[in-house]
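Here is how the chains run, residue by residue.
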Amino acid sequence: MTYKQIEASREVRLWIGQIIVPAASMAIAIMSIPQVRQTIGGKAASIKESIQNKIKRRGR
């Protein structure tokens, strides 16, 4: 492996360890709260409905 490849793999490992794993852990912890899950589900449903309405209007 070249030095450049070693440095790239090191940076990827750091990103995974310091950003992706904590973010995933935080998301799991937040989603374990029922009120938060309901709020997020309601917001996702309203966004989905809004997108569907825009598609229907554009299709006419």
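Quick note: structure is the one above.
Residues numbered from 1 in each chain as written. Predicted model: local features only at pLDDT ≥ 70, side-chain atom pairs only at ≥ 80, totals over all residues. Heavy atoms only, no water.

(A) Spatial organisation of the overall build of the protein chain. Helix and strand content of the protein chain: two helices and zero strands. For 60 residues, the compact-globule formula gives about 10 Å, and the C-alpha radius of gyration of the protein chain, at 20 Å, lies well above that figure. Reported as C-alpha extents along the three principal axes, the dimensions of the protein chain are approximately 55 × 35 × 10 Å. For the protein chain, the accessible surface area stands at approximately 5600 Å², while carbon and sulfur atoms represent 64% of it. (Helix = DSSP H or I, 4+ residues; strand = E, 2+ residues; numbered from the N terminus. Rg over C-alpha atoms; globule rule 2.2 N^0.38 Å. Areas by Shrake-Rupley, 256 points an atom, 1.4 Å probe, with all protein chains shown as cover.)

(B) How the structure looks around a nonpolar patch on the surface. Among the surface-exposed residues, V12, W15, I16, I19, I20 and V21 lie close enough to one another that they form a single nonpolar patch of about 550 Å² accessible area. Secondary-structure assignment places V12 in helix α1 (residues 3-31). (Patch = residues over 30% accessible without salt bridge, like charges linked within 9 Å, V, L, I, M, F, W, Y side chains within 5 Å. Salt bridge = Lys/Arg side-chain N within 4 Å of Asp/Glu carboxyl O.)

(C) Layout of α1. Taking 1.5 Å per residue, 29 residues should reach 42 Å; α1 reaches 41 Å between its end C-alpha atoms and fits that length. If you look at α1, its biggest bend is around 35°, right at I16. (Expected span 1.5 Å × (residues − 1). Bend = angle between axes of the 7 residues up to and from the residue.)

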